[in-house]
Amino acid sequence: MADDVLQRLAAVLEARKQADPQSSYVASLYAKGLDAILKKVGEEATETVIAAKGGEREQLIYETADLWFHTLVLLAHQGLGPEDVLAELARRFGLSGLEEKAARQNQ
Ligand SMILES: N=c1c2ncn([C@@H]3O[C@H](COP(=O)(O)OP(=O)(O)OP(=O)(O)O)[C@@H](O)[C@H]3O)c2ncn1[C@@H]1O[C@H](COP(=O)(O)O)[C@@H](O)[C@H]1O
């Protein structure tokens, strides 16, 4: 399920490369360029830290979603996607390519 959400969101982020910045938040970030995207990632990381220190579970989930979202925008802008990060995590976890695919299908 988590994989599916990431892949579907990544497809939307890819499609937004052709969208009008006036009508799409993601397209407006692409139009502003890498530094603007990095600024958002930094802001959302800080907000995640503050939420964790604040101790409110819902706030931490909300801010982490903002952080993951802006990180996915950054990856898309750089020609990468969640599958690249998942493959790296799987490698660190000791899963081969075939095992990784099977593990995802069994989720
Ligand atoms: N998941 C998200 C998502 N999470 C957060 N955000 C936006 O990220 C911004 C978060 O920034 P802040 O919390 O700093 O709030 P802000 O002050 O309004 O933001 P700024 O004006 O400072 O950039 C807000 O504008 C949120 O609306 C998102 N915007 C879009 N998505 C997804 O991306 C898809 C494409 O979005 P559009 O490009 O807008 O169609 C959507 O269908 C959603 O699925």
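Looking at an unreviewed UniProt entry, the protein chain carries the name Phosphoribosyl-ATP pyrophosphatase, with the source organism given as Methylomarinovum tepidoasis. Quoted straight from UniProt, the Subcellular location (unreviewed entry) entry for the protein chain says "Cytoplasm". Quoted verbatim from the Catalytic activity (unreviewed entry) heading of the UniProt record, the comment on the protein chain is "1-(5-phospho-beta-D-ribosyl)-ATP + H2O = 1-(5-phospho-beta-D-ribosyl)-5'-AMP + diphosphate + H(+)".

## Considerations on the side chain of T48
With respect to the helices and strands, the residue T48 is situated in helix 3 (residues 34-54). According to the relative accessible area criterion, T48 is buried, its value standing at 12%. If we ignore the near neighbours within four places in the chain, the residues touching T48 are L60, E63, T64 and L67.

## A word on the packing of helix 2 (residues 25-32) against helix 4 (residues 57-77)
Contact geometry of helix 2 with helix 4 gives a least axis separation of 11 Å together with a crossing angle of 55°. Taken as axis vectors, helix 2 and helix 4 run oblique relative to one another. In this structure, the crossing between helix 2 and helix 4 has a hand that is right-handed. Across the interface between the two elements, Y25, V26, L29 and Y30 of helix 2 pack against F69, H70, V73, A76 and H77 of helix 4.

## So, the packing of helix 2 against helix 3
One can describe the packing of helix 2 onto helix 3 by two numbers: an axis separation of 5 Å at closest approach and a directional angle of 120°. Judged by the angle between their axes, helix 2 and helix 3 are oblique. Residue-level inspection shows Y25, L29, Y30 and K32 of helix 2 in contact with helix 3, the latter providing L34, A36, I37 and K40. Here the contact of helix 2 with helix 3 is built from residues that sort into six nonpolar, no polar and two charged.

## Quick notes on helix 4
Between its first and last C-alpha atoms helix 4 spans 30 Å; for 21 residues at 1.5 Å apiece the expected length is 30 Å, and the two agree. If you check which residues of helix 4 are buried, you get E63, L67, F69, H70, L72, V73, L74, L75 and A76. Of the surrounding elements, those touching the buried residues of helix 4 are helix 1 (2-15), helix 2, helix 3 and helix 5 (82-93). Positive backbone phi, approximately 80°, marks G79, located one or two places after helix 4.

## A word on the pattern of salt bridges
Close approach of charged atoms allows side chains with opposite charge to pair. One pass over the full model with this rule turns up eight salt bridges. Between E88 and R91 there is a salt bridge, and its shortest N-O distance comes to 2.7 Å. Taken together, the positions of E88 and R91, both in helix 5 and three residues apart, correspond to about one turn of that helix. A single salt-bridge network, built from bridges that share partners, covers K39, K40, E43 and E44.

The rules we used
- Residues numbered from 1 in each chain as written.
- Predicted model: local features only at pLDDT ≥ 70, side-chain atom pairs only at ≥ 80, totals over all residues.
- Heavy atoms only, no water.
- UniProt positions renumbered as here; feature names shortened; annotations may be inferred.
- Helix = DSSP H or I, 4+ residues; strand = E, 2+ residues; numbered from the N terminus.
- Buried < 20%, exposed > 50% of the residue type's maximum accessible area, 1.4 Å probe, protein only.
- Contact = heavy atoms within 4.5 Å.
- Axes fitted to C-alpha atoms, helices over the stretch in contact; angles between N-to-C directions.
- Parallel < 35°, antiparallel > 145°, perpendicular 65-115°, else oblique.
- Left-handed = near helix turned anticlockwise from the far one by under 90°.
- Nonpolar A, V, L, I, M, F, W, Y, C, P; charged D, E, K, R; others polar.
- Expected span 1.5 Å × (residues − 1).
- Salt bridge = Lys/Arg side-chain N within 4 Å of Asp/Glu carboxyl O.

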